[in-house]
Amino acid sequence: MEPLSLQVLLVVTWSFLGFQWLFHRGSPWVSQHLSKGFLRLSPTQRTEWNSRAVSTVHALVVGLFCLYIYVFDEPTQKDPVWGDATLVKLNVAITSGYLISDLLLMFTSWESIGEKYFVIHHFAALYAYYYVLSQGILPYFANFRLLSEFSTPFVNQRWFFHMLGYHKLSKPSLVNGVAMAFAFFLVRIAVMPGYYNHMYSVFGTDDFYKLPLGGRSAWVISSVSLDVMNIMWMRRIIRGCLKVLHSAWSRNAGTEMETRKTD
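What you see is a predicted model, and the numbers here were worked out from it, not measured in a lab.

UniProt's feature table lists "transmembrane region" (unreviewed entry) at residues 6-23, 53-72, 92-110, 117-134, 173-196 and 216-233, given in the numbering used throughout. In the segment residues 216-233, helix accounts for 100% and strand for 0%; the C-alpha atoms at its two ends are 26 Å apart.

Here we take up the UniProt feature "domain: TLC" (unreviewed entry) in the protein. As annotated by UniProt and renumbered to match this structure, "domain: TLC" (unreviewed entry) occupies residues 44-246. From the first C-alpha to the last, residues 44-246 spans 32 Å; its make-up is 84% helix and 0% strand.

Right, let's talk about the pattern of salt bridges for a bit. Overall, the coordinates contain three salt bridges when judged by the stated rule. Between R145 and D227 there is a salt bridge, and its shortest N-O distance comes to 2.8 Å. Of this pair, R145 sits in helix α7 (residues 139-146) while D227 sits in helix α12 (residues 213-262), and the two are 82 residues apart along the sequence.

Now for the side chain of S35. Within the secondary structure layout, S35 lies in the loop between α1 (6-34) and α2 (43-72). Those residues within four positions of S35 in sequence are excluded, and the remaining contacts are W49 and L164.

Another point: helix α8 (residues 152-163). Helix length check: α8, at twelve residues, gives a terminal C-alpha distance of 17 Å against a target of 16 Å (1.5 Å per residue), a fit within 8%. Taken as a whole, α8 has its buried residues at T152, P153, N156, W159, F160, F161 and M163. Tucked inside the fold, the buried residues of α8 contact α2 and α9 (171-189). Just downstream of α8, G165 is the residue with a positive phi angle, here 90 degrees.

Next up on the list: unusual backbone geometry. Of note in this structure, L138 is not a glycine but carries a positive phi near 55 degrees. Residue placement: L138 occurs in the loop between α6 (116-135) and α7.

Procedures and definitions
Residues numbered from 1 in each chain as written. Predicted model: local features only at pLDDT ≥ 70, side-chain atom pairs only at ≥ 80, totals over all residues. Heavy atoms only, no water. UniProt positions renumbered as here; feature names shortened; annotations may be inferred. Helix = DSSP H or I, 4+ residues; strand = E, 2+ residues; numbered from the N terminus. Salt bridge = Lys/Arg side-chain N within 4 Å of Asp/Glu carboxyl O. Contact = heavy atoms within 4.5 Å. Expected span 1.5 Å × (residues − 1). Buried < 20%, exposed > 50% of the residue type's maximum accessible area, 1.4 Å probe, protein only.

Quick look at the structure:
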């Protein structure tokens, strides 16, 4: 493995420190001024609240940067394996700093926010990102994976609504729930055929054989393991969404029936 450059290490370090500051200082200060419900939460709930707030900030920053690269960065489009990875490395370095920060928070507050699948997810992503940051390989595919961050704000908002006492059948919760299911499916599940078809088109080419064995392994193993977890999470989301929509439909039907009886 090649060592990381000083520039990459600095971005990862500043990203780590920035997200740590957001968790310990930024989120608590903003949250208590924007939402009175934050002050009524228990210490355990506040820990998860701050963790999810940081997660949302990361998802928006990295997701928008990722979308810009996907649309406007021609080098990664023309050469998905060995194209100029300058912008992608910057975005991946920011994400790597966040993942390390989140792992530290999970290990130090396991009872509040610890989750084994997230630990596996973070280590699998960091394993693959190391090759992107150290060798600049596979910039298109690394950037494409980060598009999945667009579903994260909806997932976190669902939890925020729950903590603030919104009924799961309230309009804000229902709208966010449907948006969450749609976004998660769109950026994590629906893109799989295109992603793996593009991956398959690279296999066996000269560019593919120039990749180090570790880079190939990181690419395939991380992609498959992350998507297995995405499918598992998608199943949970669909089941929960259908259950809530069925409850909402039943309640509306019952209300309509009572209204007719009253009339």
